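Below, each chain spelled out in residue letters.
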Amino acid sequence: MFVFERTIEGVQEAFLDQAVNAANLGAAAAGGLSLWSLFLQAAIVVKLVMMGLVVSSVIVWAIIFDKIVTIRRVNRQASDFEERFWAGGSLEDLYESDGAKPIHPMAAVFGAAMGEWRRSSRITGIDLVHGGVQDRVNRAMSITITREMDRLNRWLIFVATIGPVAPFIGLFGTVWGIMHAFGSIAAMHNTNLSVVAPGISEALFATAIGLVTAIPAVIAYNVIGNSLGVFEDRLDAFGTEFAAILSRQSEERG
């Protein structure tokens, strides 16, 4: 009977110890697995990966906001310019006010074409219809559109690069963190969750940062790229219409 009672007391003490250890582990996890704690406790390589991803994310968001503002601005300026262009006013006056010193892409396309046509029309004895004027006008607009789109696409390649690369950078941090965690386990000769959890959490945190960096970059690149493609088509359409107008004027003068 005495042995049976001691056995019951031993089992009860074991359960109490497990409950206390579980409570202590839960408190340690709650206090030691915050995002900031995960960063501070991470290995130096993992910290560098995290900081690199955070900096990349900040740059990506800065580019995204800049492109959104720029696309809205150039579309609004293009709409205002087209209203004046199709209002039936003098092309010469419009060139002097907008085309000579353009401040937005559509005015630059108009200015390049109109400037080339004006220079050609001043050449004595030139045939505006068969003298290659139309080819030079089209070439001037094509070069201007390419230059303006290159300017609008500036820094977008960084977003396109970060999108697919960031998850792998985060995965590298995760692999390194897991290796570091296994090293800690081997050094302590202890597989308790309180030993394993922090290292694994730090490693997974690097992957999470990589995904948070990559997902907005991929979405933004697709959306912004599509918007810029639509705007380029708008410039091409305007250039085609304006070339037709200049061609008619050349035939009238010829």
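Residues numbered from 1 in each chain as written. Predicted model: local features only at pLDDT ≥ 70, side-chain atom pairs only at ≥ 80, totals over all residues. Heavy atoms only, no water.

A. Representation of a negative patch on the surface in the model. On the surface, a cluster of negative charge is made up of Asp150, Glu232, Asp233 and Asp236. With respect to the secondary-structure elements, aspartate 150 resides in helix α6 (residues 133-152). (Patch = residues over 30% accessible without salt bridge, like charges linked within 9 Å, V, L, I, M, F, W, Y side chains within 5 Å. Areas by Shrake-Rupley, 256 points an atom, 1.4 Å probe, with all protein chains shown as cover. Salt bridge = Lys/Arg side-chain N within 4 Å of Asp/Glu carboxyl O. Lys, Arg positive; Asp, Glu negative; His and termini not counted. Charge placed at Lys NZ, Arg CZ, Asp CG, Glu CD. Helix = DSSP H or I, 4+ residues; strand = E, 2+ residues; numbered from the N terminus.)

B. View of the side chain of arginine 118. Within the element layout of this structure, arginine 118 appears in helix α5 (residues 105-121). Under the relative-accessibility criterion, arginine 118 is labelled buried at 13%. At 3.5 Å, the side chain of arginine 118 forms a polar contact with the side chain of glutamate 96. Excluding its chain neighbours within four sequence positions, the residues that come into contact with arginine 118 are Glu92, Tyr95 and Glu96. (Buried < 20%, exposed > 50% of the residue type's maximum accessible area, 1.4 Å probe, protein only. Polar contact = N/O pair within 3.5 Å; in protein donor to acceptor, adjacent residues only side chain to side chain. Contact = heavy atoms within 4.5 Å.)

C. Focus on α5. When the terminal C-alpha atoms of α5 are compared, their 24 Å separation across 17 residues agrees well with the 24 Å that a helix rising 1.5 Å per residue should span. Burial of α5 is extensive: 15 of the 17 residues sit out of reach of the surface. (Expected span 1.5 Å × (residues − 1).)

D. Representation of the pattern of salt bridges. What the rule picks out here adds up to seven salt bridges. For arginine 84, the salt bridge is made with aspartate 98, and the minimal N-O distance between the two is 2.5 Å. In this pair, arginine 84 sits in helix α3 (residues 44-85) while aspartate 98 sits in helix α4 (residues 91-99), placing the two residues 14 residues apart along the sequence. Its relative accessible area of 39% is what places arginine 84 among the partly exposed residues. For glutamate 116, the salt bridge goes to arginine 136, with nearest N and O atoms at 3.1 Å. Of this pair, glutamate 116 sits in helix α5 while arginine 136 sits in helix α6, and the two are 20 residues apart along the sequence. Residues joined by salt bridges that share partners form a network here, namely Glu92, Glu96 and Arg118.

E. Structural context of unusual backbone geometry. Non-glycine residue tryptophan 155 carries a positive phi angle of around 75°. Position of tryptophan 155 among the secondary structure elements: in the loop between α6 and α7 (156-188). Looking at tryptophan 155, the relative accessible area reads 59%, which means it is exposed.

F. Quick look at the nonpolar core. Grouped together as the largest cluster of nonpolar side chains are 50 residues, with contacts concentrated most on Phe81, Phe85, Phe110, Met114, Phe238 and Phe242. Elements that contribute at least two residues to this core include exactly α3, α4, α5, α6, α7 and α8 (193-253). The leading source of residues in this core is α8, at 15 residues. Once residues within four sequence positions are removed from consideration, phenylalanine 81 is found in contact with Leu94, Asp98, His104, Met106, Ala107, Phe110 and Phe238. (Core = buried A, V, L, I, M, F, W, Y, C linked by side-chain atoms within 4.5 Å.)

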